[in-house]
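Observations on the model geometry
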Amino acid sequence: WFVERMPENSEVSDYSPVLYEKDYIVFSSERINSTGKDVYNWTGEKYSDIYIMLKGGSEARKFDSNINTDENEGSVCFTSDMNRIYFTRCTGNGIGDDHCKIYYSDRINEVWSEPVLLPFIRDKINYGQPALIYKDSVLIFSADIVQPGGTKDLYYSELYADGNWSEPDLLPSTINSPGNAMFPTADADTLYFSSDYLPGFGGLDIFRTYLRKDRSWTPAENLGYGINSGGDDFSFIPDRESRAREGVLF
């Protein structure tokens, strides 16, 4: 692996990139031009917004005014046709861990609709970092449902034919652990996620598992040194259309 810092990074947090259409990446950032005037007391930086830029490098601009608000907007995913976005929005008084929820918005005639809260979301629980698998019919996300305010596990919800979502269910113990499981991303039948408990190099490490034909998950595998480090490593996405040395982002 060749790990290089992208020159488009800023002095504040830039995180959770996802591929958008053919030539773009969408990511979250606390840049000074983010929407709103509030400062998040936890980090001392502006509330985060969702940004877009060319994946080969360009000036980053805010994604959409219907998506970005005065609150914290974070990790996103898109349906395969790029016409629906799922994203995290955290609201509160900026002290400690604001409560985060998952919303979705549809692109209609190139305009993103007013975001809608997913129906299974409950108050005083943190939900975030959505990812889609199984032809966009299964949403995987991180949440602290079992112990609100405690460690986070990965859950999934299934999209029914009538447009309703199932109640969230835990992913198996081969993925979840007594620690935190966070930042899921998907590549076909492979799920990448980060854990601070499974054997690794320190902090959050990136692991992968894939879905078998019987819809069971293989044991989680650490991606190894080079991708993982002694710091927090998360939000791994492969880009299969990129040239050599431009194959992944995280």
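Structure's up top.
Now for a description of the structure that goes with this document. Computed from a predicted structure; not experimentally measured.

To continue, consider the sheet that holds strand β18 (residues 205-210). Spatially, the 4 strands line up as an open sheet ordered β16-β17-β18-β19, and their pairing is antiparallel. At either end of the open sheet lies a strand with only one pairing partner, and these are β16 (181-187) and β19 (221-222). With 2 bridges joining them, β18 and β19 adopt antiparallel strand pairing. Looking across to β19, one finds that Arg-208 is bridged to Glu-221.

Attention shifts here to the nonpolar core. Core analysis: the largest hydrophobic core is formed by 16 residues, its most contacted members being Tyr-86, Ile-102, Leu-118, Phe-120, Tyr-127, Leu-139 and Phe-141. At the level of secondary structure, the elements contributing two or more residues to this core comprise β9 (99-108), β12 (127-133) and β13 (138-143). The biggest single contributor to this core is β13, with 3 residues. By size, the runner-up hydrophobic cluster in this structure holds 14 residues, among which are Val-18, Ile-67, Val-76 and Ile-85.

Within β13, 6 of the 6 residues are buried, which leaves the element mostly enclosed by the surrounding structure. The two faces of β13 match: Val-138, Ile-140 and Ser-142 on one face and Leu-139, Phe-141 and Ala-143 on the other face are all buried. The pairing of β12 with β13 spans 5 bridges and is classified as antiparallel. Each residue of the ladder has a partner; that of Tyr-127, found in β13, is Ala-143. If you look at the hairpin formed by β12 and β13, you'll find 4 residues sitting between the two strands, and Tyr-134 has a positive phi there, around 55 degrees. As paired elements, β13 and strand β14 (residues 153-158) share 6 bridges and run antiparallel to each other.

This part covers the state of the cysteines. This model, assessed by the stated rule, comprises 1 disulfide. Across a sulfur-sulfur distance of 2.0 Å, Cys-90 and Cys-100 are joined as a disulfide pair. Judged by the sign of its S-S torsion, about 100 degrees, the cystine formed by Cys-90 and Cys-100 is right-handed. With Cys-90 in strand β8 (residues 84-91) and Cys-100 in strand β9, the pair connects residues that are 10 residues apart, well separated along the chain. Given a relative accessible area of 13%, Cys-100 falls into the buried group.

Most of β16 sits out of view: 6 of its 7 residues are buried. Where β16 meets strand β17 (residues 190-195), 5 bridges bridge the pair, whose relative direction is antiparallel. Looking across to β17, one finds that Ala-181 is bridged to Ser-195. From the end of β16 to the start of β17, which pair antiparallel, there are 2 residues, and Ala-188 there has a positive phi angle of about 55 degrees.

Once that is clear, we can look at the side chain of Glu-73. One can find Glu-73 in strand β7 (residues 72-78). Of the polar contacts made by the side chain of Glu-73, one reaches the side chain of Arg-89; its length is 2.7 Å. Glu-73 has contacts with Tyr-15, Ser-28, Ser-48, Asp-49, Ile-50, Ile-67, Asn-68, Phe-87, Thr-88 and Arg-89, leaving out every residue within four places of it along the chain.

Here the focus is the sheet that holds strand β15 (residues 169-170). Pairing is antiparallel across the open sheet formed by 4 strands, whose spatial order is β12-β13-β14-β15. The open sheet has two free edges, formed respectively by β12 and β15, since each of these has just one partner strand.

Bringing the environment of Ser-157 into the picture now. Structurally, the position occupied by Ser-157 is in strand β14. Residue Ser-157 is classed as buried on the basis of its relative accessible area, which comes to 0%. A C-alpha to C-alpha distance of 9.9 Å links Ser-157 and Leu-132, two positions 25 residues apart in sequence. Not counting residues up to four positions away in its chain, the partners in contact with Ser-157 are Phe-120, Ser-137, Val-138, Leu-139, Phe-141, Trp-165 and Ser-166. Polar contacts involving the side chain of Ser-157 include one to the main-chain carbonyl oxygen of Ser-166, which spans 2.6 Å.

About the cut-offs
Residues numbered from 1 in each chain as written. Predicted model: local features only at pLDDT ≥ 70, side-chain atom pairs only at ≥ 80, totals over all residues. Heavy atoms only, no water. Pairing = 2+ DSSP bridges. Helix = DSSP H or I, 4+ residues; strand = E, 2+ residues; numbered from the N terminus. Core = buried A, V, L, I, M, F, W, Y, C linked by side-chain atoms within 4.5 Å. Buried < 20%, exposed > 50% of the residue type's maximum accessible area, 1.4 Å probe, protein only. Disulfide = S-S within 2.5 Å. Polar contact = N/O pair within 3.5 Å; in protein donor to acceptor, adjacent residues only side chain to side chain. Contact = heavy atoms within 4.5 Å.

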